[in-house]
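Report on the structure
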Amino acid sequence: MTDMLSLDRPARPATRPAALQEMPSLIGLTREEMGKALAEVGVAERQVKMRVSQLWHWLYVRGVSDFDHMTNVSKDMRETLKRHFTIARPEVVEEQISTDGTRKWLLRFPARGAGRPVEIETVYIPEEGRGTLCISSQVGCTLTCSFCHTGTQKLVRNLTAEEILAQLLLARDRLGDFPDRDTPPGTIAPAEGRKVSNVVMMGMGEPLYNFESVKTALLIATDGDGLSLSKRRVTLSTSGIVPEIYRTGEEIGVMLAISLHAVRDDLRDMLVPINKKYPLKDLMDACRAYPGLSNARRITFEYVMLEGVNDSLEDAKELVKLLKGVPAKINLIPFNPWPGTNYQCSQWDQIEKFADFINAAGYASPIRTPRGRDILAACGQLKSESERMRKVDRMAFEAMMIANHGADD
Ligand code: SAH
Ligand code: SF4
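Before going into details, it helps to say that this report is about the structure given with it. These figures come from a predicted structure and were not determined experimentally.

A tally of regular secondary structure across the protein gives eleven helices and twelve strands. Taken across its 409 residues, the protein has 57% of its residues classed as buried. Counting contacts in the protein only where the partners sit at least 6 residues apart, residues at least 24 apart contribute 70% of the total. For the protein, the exposed area adds up to about 17300 Å²; of that, 52% sits on carbon and sulfur atoms.

And the structure:
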């Protein structure tokens, strides 16, 4: 069984040495912040704008993680930058590659202030014609959705904009998704043929409880002079933090996914307790008001299939009623069990019946096919599982792990 799994201990050329850990990073700053940071270390005011666009290009189009690779920046300037800033990647503690091509990285970020270093996981899922990166926004989660393993862990801390972006940069490094070193400066990376074509904020944490950092990171990821991801190919998943859904539409403008999971308030209060604060009516109002909503820009509703809890045809009927008038796609997610949970995944024929009903009502309702089973790459289970795996028999859990990742259009 082990030979199904390729476990790499990668070389770590760009890992940040301990002594540099306290240095501020230039990654994850807005252009304005970067300009300010440069001015503070003595870059002449008339040069700041030009330096920012140079750096922006090197960091986000070329993906360099070493100042010395910035060939059109003078040596003096590179030395100044090196003295004050870092652009190194986080440490890759582990990289796993599934037999189906799914990859999972365990990344370590340095301590912030008095805290300890933290580890998070990022998952890459290659599919026909696209590749999706699943990014984390927090270490742990403040919310306590009863079917989610992350929900059993306390929030350790929010990730910074740098750490959110670093997941994308690191994945593109490892997948060879940045142009070669000898490509002439100024070259724009082609949008076609990229390994990471889509990003989903569906890793650990509730992105809308880390709004500012998520916003900054996603605006940088979709900046046309940098990483250039299309906003239509970036999806933010939320358990339903209503005020920030409005802000997401206005200030970020990426695609929206809602972790719905129940169609009645009494049941949703139990499964997704934030529903007590933001009940279904308010949530659906926020969805209807989401800017640019159309058939081409549908909202994805995630619905985890829990046996005997939310999987009856009556639920399917109410779901169709609830979504009336909202351009929507419904992702049916087979429940991923974890040690200690009381829930079970619905029977396969029940999931199919449920899907057929909502299909017949005119909604696309893909059932998430298992991906990366052998490397435990499932939503809602990241990091906590791999910690466990180091302690107990890694393979003993394999049979029960079903990945539910998948990209949107
Ligand atoms: N916190 C955000 C995003 C991360 S979770 C949110 O809740 O939307 C990504 C998706 O995985 C969510 O729809 C979540 O409800 C689902 N999920 C969590 N635990 C799961 C499990 N054990 N099995 C199946 N899906 C799960
Ligand atoms: Fe947090 Fe999302 Fe898990 Fe709920 S489903 S506990 S919001 S990570």
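Past the structure itself, the notes keep going.
A word on helix α8 (residues 280-288). Residues of α8 that are buried include every one of Leu280, Leu283, Met284, Ala286 and Cys287, and no others. Projected onto a plane normal to the axis of α8, the buried residues spread over an arc of 155° and lie on a single side. Looking at the buried positions of α8, the neighbouring elements they touch are α6 (242-252), β10 (255-259), α7 (265-271), β11 (299-305) and α9 (313-322).

It is at 9 Å that the axes of helix α1 (residues 31-40) and helix α2 (residues 45-61) come closest, and there the two elements cross at 120°. With respect to the hand of their crossing, α1 and α2 are arranged in right-handed fashion. Seen from α1, the contacting residues are Arg31, Met34, Gly35, Leu38 and Ala39; seen from α2, they are Val48, Arg51, Val52, Leu55, Trp56 and Leu59. Of the residues contributing to the contact of α1 with α2, the split by class is eight nonpolar, one polar and two charged.

The next point concerns the pairing of strand β8 (residues 198-201). Side chains Asn198 and Val200 project from β8 onto one buried face, and the interleaved Val199 and Met201 project onto a second face that is buried too. Judged from the three bridges that link them, strand β5 (residues 130-134) and β8 form a sheet pairing that is parallel. From the neighbouring strand, threonine 132 faces β8, where its bridge partner is asparagine 198. Running through helix α5 (residues 211-221), the crossover from β8 to the neighbouring parallel element strand β9 (residues 234-238) is right-handed.

This part is about the site of ligand 1. In the region of ligand 1, 21 residues are neighbours, and Gly205, Ser237, Ser259, His261 and Asn336 sit closest. Side-chain polar atom of serine 259 to an oxygen atom of ligand 1: 2.5 Å apart, as the coordinates give it. Isolated, ligand 1 exposes 530 Å² of accessible area, and the fraction of that covered by the protein chains is 96%. Listing elements by their share of the shell around ligand 1, those giving two or more residues are β9, β11 and β12 (328-334). Grouping the constituent residues of the shell around ligand 1 by class yields nine nonpolar, ten polar and two charged.

It is worth spelling out the packing of helix α4 (residues 161-174) against α5 at this point. Geometrically, a packed helix pair is captured by the angle between its two axes and the distance between the axes. Following both chains from N to C, one finds α4 and α5 inclined at 40°, their axes separated by 8 Å at the closest point. The angle between α4 and α5 falls in the class oblique. The two elements α4 and α5 meet at a crossing, and its hand is right-handed. Here α4 contributes Ala161, Ile164, Leu165 and Leu168 to the contact with α5, which in turn contributes Ser213, Val214, Thr216, Ala217, Ile220 and Ala221. Looking at the contact of α4 with α5 residue by residue, the classes come out as eight nonpolar, two polar and no charged.

Counted according to the given criterion, the structure contains three aromatic pairs. The interplanar angle of 70° and the centroid separation of 5.0 Å between the aromatic rings of tryptophan 56 and tyrosine 60 together place this pair among those described as edge-to-face. Of the two residues, tryptophan 56 and tyrosine 60 are both situated in helix α2; the distance of four residues between them amounts to about one turn of the helix. The exposure class of tryptophan 56 is buried, given its relative accessible area of 3%. For tyrosine 60, a relative accessible area of 0% corresponds to the buried category. Consider the rings of phenylalanine 335 and tyrosine 343, whose centres lie 6.2 Å apart with planes at 75°: the pair is edge-to-face. Taking the relative accessible area as the measure of exposure, phenylalanine 335 reaches 1% and is therefore buried.

This model, assessed by the stated rule, comprises 22 salt bridges. The salt bridge involving aspartate 68 is made with arginine 78; its shortest N-O contact spans 3.3 Å. Linking aspartate 68 in the loop between α2 and α3 (75-84) with arginine 78 in helix α3, this pair joins segments that are ten residues apart in sequence. A relative accessible area of 34% places aspartate 68 in the partly exposed class. Residue arginine 78 is classed as buried on the basis of its relative accessible area, which comes to 13%. Taking the shortest distance from any N to any O, the salt bridge between lysine 281 and aspartate 285 comes out at 2.7 Å. Here the residue lysine 281 and the residue aspartate 285 both occupy positions in helix α8, the gap between them amounting to four residues, near one helical turn. Owing to a relative accessible area of 29%, aspartate 285 belongs among the partly exposed residues under this scheme.

The rules behind the values
Residues numbered from 1 in each chain as written. Chains lettered and ligands numbered in written order. Predicted model: local features only at pLDDT ≥ 70, side-chain atom pairs only at ≥ 80, totals over all residues. Heavy atoms only, no water. Helix = DSSP H or I, 4+ residues; strand = E, 2+ residues; numbered from the N terminus. Buried < 20%, exposed > 50% of the residue type's maximum accessible area, 1.4 Å probe, protein only. Contact = heavy atoms within 4.5 Å. Areas by Shrake-Rupley, 256 points an atom, 1.4 Å probe, with all protein chains shown as cover. Arc of directions from axis to C-beta. Axes fitted to C-alpha atoms, helices over the stretch in contact; angles between N-to-C directions. Left-handed = near helix turned anticlockwise from the far one by under 90°. Nonpolar A, V, L, I, M, F, W, Y, C, P; charged D, E, K, R; others polar. Pairing = 2+ DSSP bridges. Right-handed = clockwise from strand over helix to strand, strands pointing away. Near = heavy atom within 4 Å. Polar contact = N/O pair within 3.5 Å; in protein donor to acceptor, adjacent residues only side chain to side chain. Parallel < 35°, antiparallel > 145°, perpendicular 65-115°, else oblique. Phe/Tyr/Trp six-rings, centres within 6.5 Å; stacked < 30°, edge-to-face > 60°. Salt bridge = Lys/Arg side-chain N within 4 Å of Asp/Glu carboxyl O.

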